[in-house]
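Structure at a glance
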Amino acid sequence: MRQWRPDPDLSRPSYKSRMTIPTFQNCMQPLLAALVNGDALHRWALVDKVADFFRLTQEERERMLASGKGLIIRSRVGWALTYLKQAGLVSSPKRGLYQLTPRGTDVLAAAPARVDTEYLKRFPEFMEFRSRSRSQTGASDESIPVVLPDEKIEALPPDEALEEAYSRLRGDVEAELLDTVKSGTPLFFERLVIDLLVKMGYGGSREEAARAVGKSGDGGIDGVIDEDRLGLDVIYIQAKRWEG
């Protein structure tokens, strides 16, 4: 039986310098190859086999998702197994265990250039899974394309796609908020600083605890805030903006 073999580049000395954590789609073919003997392997054993195949460093193996709730390589192997299972290439006889199906064996024997979501579309079970996922989420696809470190457009697994989208949206909001603060009037900025201190717990409400000064001849004091409702401790504020 002719089986899939790694890219010849794997044997080149420069390969490791170009390697990064594989996408979940790049994990699919090595996972099938790791199960070729027909034995059922645990998910964590498969994670190690994929990490070994791509020659990941210890730092790459331990790199966490942006949420800090799991390892990137485990997440990507997990999603690759999910997609392969939905396409009928692997099965899960017990929780956490995976083995190659007859269909998966046939795919390995055919030795396709690449097994990815595009390749899996030839299997009706996978197309049904895609349709089911879209109808449940209302999304146009199950993943979001982003630019990865190797400068290739790939698709992240759903959990990482959500984190990436959240990160980008948060970054856009932060940049827009910073621009708004910088472009506001001096009075707006002074009141903003006082409002921030009140939200941090100084005094009671803004009306009770803070009063903006910001007048000529105020000695450089832009605001006064009472540390407590009785006004026993007073904080004098100078609000300054600068670039850098």
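All values derive from a computational prediction rather than experimental measurement. (Residues numbered from 1 in each chain as written. Predicted model: local features only at pLDDT ≥ 70, side-chain atom pairs only at ≥ 80, totals over all residues. Heavy atoms only, no water.)

**Quick look at the overall build of the protein chain**
Note the threshold: Segments assigned H or I by DSSP are reported as helices when at least four residues long, segments assigned E as strands when at least two residues long, and all are numbered from the N terminus. The buried label goes to any residue with under 20% of its type's maximum accessible area, the exposed label to any with over 50%, and the partly exposed label to all in between, with areas taken from a 1.4 Å probe on protein chains only. We call two residues in contact whenever any of their non-hydrogen atoms come within 4.5 Å of each other. Accessible surface area values rest on a Shrake-Rupley calculation with a 1.4 Å probe, where residue burial reflects the displayed protein chains alone.
Each helix and strand counted, the protein chain has eleven helices and eight strands in total. The buried share of the protein chain, reckoned over its 244 residues, is 35%. Expressed as a percentage of contacts within the protein chain between residues at least 6 apart in sequence, the contacts between residues at least 24 apart total 55%. In the form shown here, the protein chain has an accessible surface area of approximately 14900 Å², with 53% of it arising from carbon and sulfur atoms.

**Description of helix α6 (residues 102-110)**
As a reminder, the rule being used: This arc is taken over the directions from the axis of the helix to the C-beta atoms.
Among the residues making up α6, those that are buried are Gly 104, Val 107 and Leu 108. Buried residues along α6 cover an arc of 100 degrees about the axis, so they all sit on one side. Among the exposed residues of α6, those oriented more than 90 degrees off its buried face are Pro 102 and Asp 106. Buried-residue contacts for α6 involve α2 (28-34), β3 (97-100) and α7 (117-120). At the exit of α6 stands Ala 111, carrying a positive phi of roughly 50 degrees.

**Quick look at the sheet that holds strand β2 (residues 90-91)**
Here is the rule: Note: two strands are recorded as paired if DSSP finds a minimum of 2 bridges between them.
The strand order across the open sheet built from three strands is β1-β3-β2, with neighbouring strands paired in antiparallel fashion. A single partner strand is all that each edge strand has here, and the edge strands are β1 (41-42) and β2. Pairing of β1 with β3 involves two bridges; the strand directions are antiparallel. Bridge pairing in β3 links His 42 to Leu 97.

**Details of the pairing of β3**
Alternating positions in β3 separate cleanly, Tyr 98 and Leu 100 being buried on one face and Leu 97 and Gln 99 remaining unburied on the opposite face. As defined by bridge partners, β2 adjoins β3 across two bridges and the pair is classed as antiparallel. In the sheet register, Val 90 faces β3, and the bridge partner there is Leu 100. Between β2 and β3, which follow one another and run antiparallel, lie five residues, and Gly 96 among them has a positive phi close to 85 degrees.

**Concerning the packing of aromatic side chains**
Quick note on the threshold: In this analysis, rings of Phe, Tyr and Trp, with Trp reduced to its six-membered ring, are considered paired at centre separations within 6.5 Å, and the interplanar angle assigns stacked below 30 degrees, edge-to-face beyond 60, and tilted for intermediate values. Look at NZ for Lys and CZ for Arg. If either is within 6 Å of the ring centre and within 35 degrees of the ring normal, a charge sits over the ring.
Summed over the entire model, instances satisfying the criterion amount to seven aromatic pairs. When the ring of Tyr 119 is compared with that of Phe 123, the centres are 6.2 Å apart and the planes differ by 65 degrees; the resulting orientation is edge-to-face. Here Tyr 119 and Phe 123 have matching classes, each one buried. Members of the aromatic cluster, each reached through a chain of ring pairs, are Phe 24, Trp 79, Tyr 83, Phe 126 and Phe 129. Above the face of the Tyr 119 ring, Arg 122 is positioned so that its terminal group lies 3.8 Å from the ring centre.

**Quick look at the packing of helix α3 (residues 43-53) against helix α5 (residues 72-86)**
Filter applied, for reference: Here an angle of 0 to 180 degrees is reported between the N-to-C directions of two axes, which are lines fitted to C-alpha atoms, with helices fitted over the stretch in contact. Here the word oblique covers every angle except those under 35 degrees (roughly parallel), over 145 (roughly antiparallel) and from 65 to 115 (roughly perpendicular). The crossing is said to be left-handed when, going from far helix to near helix, the turn is anticlockwise and less than a right angle, and right-handed when the turn is clockwise. Under this grouping Gly is polar, as are all residues other than the nonpolar Ala, Val, Leu, Ile, Met, Phe, Trp, Tyr, Cys and Pro and the charged Asp, Glu, Lys and Arg.
Two elements in contact, α3 and α5, have axes separated by 10 Å at closest approach and are oriented at 110 degrees. Compared by their axis directions, α3 and α5 come out roughly perpendicular. You can see that α3 and α5 cross each other, and the crossing is right-handed. Along its contact with α3, which presents Arg 43, Trp 44, Leu 46, Val 47 and Val 50, the element α5 presents Ile 73, Arg 74, Val 77, Gly 78 and Leu 81. When its residues are assigned to classes, the contact of α3 with α5 shows seven nonpolar, one polar and two charged.

**Digging into the confidence of the model for the protein chain**
In plain terms, the rule: Summary of the metric used: pLDDT quantifies the predictor's per-residue confidence within the range 0 to 100.
Residues of the protein chain with pLDDT of at least 70 account for 68%, and the chain-wide mean is 76. Here residues 6-18 is a poorly scored stretch, pLDDT under 50, and it has twelve contacts once near neighbours within four places are set aside; other chains count.

**Some thoughts on the environment of Thr 82**
Here Thr 82 is to be found in helix α5. What makes Thr 82 partly exposed here is its relative accessible area of 27%.

**Brief notes about the side chain of Asp 116**
To keep things clear, this is the line we draw: N or O atoms within 3.5 Å of each other form a polar contact, as long as, within protein, one can give a hydrogen and the other can take it, and as long as residues adjacent in sequence are counted only when both atoms are side-chain atoms.
Relative to the elements of secondary structure, Asp 116 occurs in the loop between α6 and α7. Take Asp 116: its relative accessible area is 12%, and that puts it in the buried class. Only 2.7 Å separates the side chain of Asp 116 from the side chain of Arg 114, close enough to count as a polar contact. From its side chain, Asp 116 meets the backbone nitrogen of Glu 118 in a polar contact 3.2 Å long. Sequence-distant contacts of Asp 116, that is, excluding residues within four places in its chain, are made with Gln 25 and Met 28.

**A closer look at the pattern of salt bridges**
Here is the rule we go by: The rule for a salt bridge is simple: a side-chain nitrogen of Lys or Arg has to be within 4 Å of a carboxyl oxygen of Asp or Glu.
For the structure shown, the criterion picks out five salt bridges. For Arg 63, the salt bridge goes to Glu 59, with nearest N and O atoms at 2.6 Å. Note that Arg 103 is salt-bridged to Glu 125, the shortest N-O span being 2.9 Å. Taken as a pair, Arg 103 in helix α6 and Glu 125 in helix α8 (residues 124-137) lie far apart in primary sequence, 22 residues in all.

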